[in-house]
Amino acid sequence: MAAVPPLTRRKLYRTIRDYVGIAVGSAFLAFGIGVFLVDAKVVPGGVSGLSIAVHYLLGGRVPVGILMWLFNLPLFLWGIRELGKRFGLRTFVGFTLTSFWLDIFRGEFFLFKTPAIPKSAAVTDLVQRDFFFMILCGAVLVGIGLGIIFKFKASTGGSDIVAAIFSKKGAMKPGQVIMIVDFFVISLAAAIFVTQRIPVERPVAVLTLFAFFLLFLSSYIIDVILDGFNYARAAIIISDHNDAISEAVRDELSRGATAIKGRGIYRDIDREILLTVVTRKEISYLKELVNDVDPKAFVIIHDVHEVLGEGFRRRV
């Protein structure tokens, strides 16, 4: 049997590692939502929050995980059509595993029954005695889960896909789209709880404030998991294959790169140095792209505190 080339083995190892990471991240995310947030009626933004609201609107007859998967599927197909392979297998695996874990943890998986962790004595005691700490636990777990999923170049679908599509069309920036979607979902959930007279243990206004607190805290945790407090990274790339690397950055990340004239002191030759700026979610993918083109490339990555221009913040 022929030996597997080293590059192929590295790709296989990275692929296995990434999908294991996505599975772990989706489990953290589902645990935070399913165990600490659903029964508390505190909705996160995006599709997960919409699924919780519809779950109660339907009288709890349809599990939250199934609703999440059903809502994500058309968005996923829309993303494939508009964005191509960028929202491919990893996104599908991300939101499918999250839905699966969520119903498993809640004891509502349709194929077989599992213990309902939210009904355990520990969680029930939290609901009754320390509601704030319970929401805090949910927010931290949601942030950890999403951070791990982003770290391994995946997504949970939902508002991420909507944001990417609107960004591509030049209509709005991704952060603006996600903020609007989250605000709409939380407001919709509040309206459902009020108009449908769904029993709640606390005033709906209080639950809404907790939902916004959840969004801010989980976003901060995501930043920590991704190993940085800044939203962008700058990369300086020195390689003998600049053309191939710049094409990969343009085609795979939809980012630009600037070639700067320089001179290598060690070999005393004139060469071009590539400079590109990407978001924190894209840095892992950028390193992998460069390594695939030229494993010997010299790459310097550093934090960027502010970026003004196309694809980042507007100039004011």
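Structure: see above.
Residues numbered from 1 in each chain as written. Predicted model: local features only at pLDDT ≥ 70, side-chain atom pairs only at ≥ 80, totals over all residues. Heavy atoms only, no water.

(A) Main features of the packing of helix 5 (residues 121-129) against helix 6 (residues 131-151). Close contact between helix 5 and helix 6 brings their axes to 6 Å; oriented N to C, the two are set at 125 degrees. Taken together, the axis directions place helix 5 and helix 6 in an arrangement best described as oblique. For the pair helix 5 and helix 6, contact is made by Val123, Leu126, Val127 and Arg129 and by Phe131, Phe133 and Met134, respectively. In the contact of helix 5 with helix 6, the residues fall into six nonpolar, no polar and one charged. (Axes fitted to C-alpha atoms, helices over the stretch in contact; angles between N-to-C directions. Helix = DSSP H or I, 4+ residues; strand = E, 2+ residues; numbered from the N terminus. Parallel < 35°, antiparallel > 145°, perpendicular 65-115°, else oblique. Contact = heavy atoms within 4.5 Å. Nonpolar A, V, L, I, M, F, W, Y, C, P; charged D, E, K, R; others polar.)

(B) Structural context of the sheet that holds strand 4 (residues 298-304). Taken together, the four strands give an open sheet; going across it, the order is 2-3-1-4, and neighbouring strands pair in antiparallel fashion. The open sheet has two edge strands, strand 2 (258-264) and strand 4, and neither has a second partner. Across the sheet, the axes of successive neighbouring strands diverge by a mean angle of 25 degrees, strand direction being ignored. Relative to strand 3 (residues 269-279), strand 2 is paired through seven bridges, and the arrangement is antiparallel. For Gly264, the partnering residue across the bridge sits in strand 3 and is Ile269. Where helix 10 (residues 242-253) meets the sheet, it contacts strand 1 (232-238) and strand 3, and its direction lies at approximately 15 degrees from that of strand 3. The strands touched by helix 11 (residues 283-293) are strand 1, strand 3 and strand 4; relative to strand 3, the strand with the most contacts, the crossing angle is about 150 degrees. (Pairing = 2+ DSSP bridges.)

(C) How the structure looks around the nonpolar core. In this structure, Ile33, Val42, Ile52, Phe131, Met134 and Ile135 are the most contacted members of the largest nonpolar core, which totals 49 residues. Residue assignment for this core shows that the elements contributing at least two residues are helix 1 (6-37), helix 2 (46-57), helix 3 (64-83), helix 4 (89-105), helix 5, helix 6, helix 8 (174-195) and helix 9 (204-225). Take this core: its biggest share by element is 10 residues, from helix 6. Beyond its immediate sequence surroundings of up to four residues, Met134 is in contact with Phe36, Ala40, Val123, Leu126 and Val127. Formed by 13 residues, the second largest nonpolar core is a distinct cluster that contains Ile237, Ala248, Ile283 and Leu286. (Core = buried A, V, L, I, M, F, W, Y, C linked by side-chain atoms within 4.5 Å. Buried < 20%, exposed > 50% of the residue type's maximum accessible area, 1.4 Å probe, protein only.)

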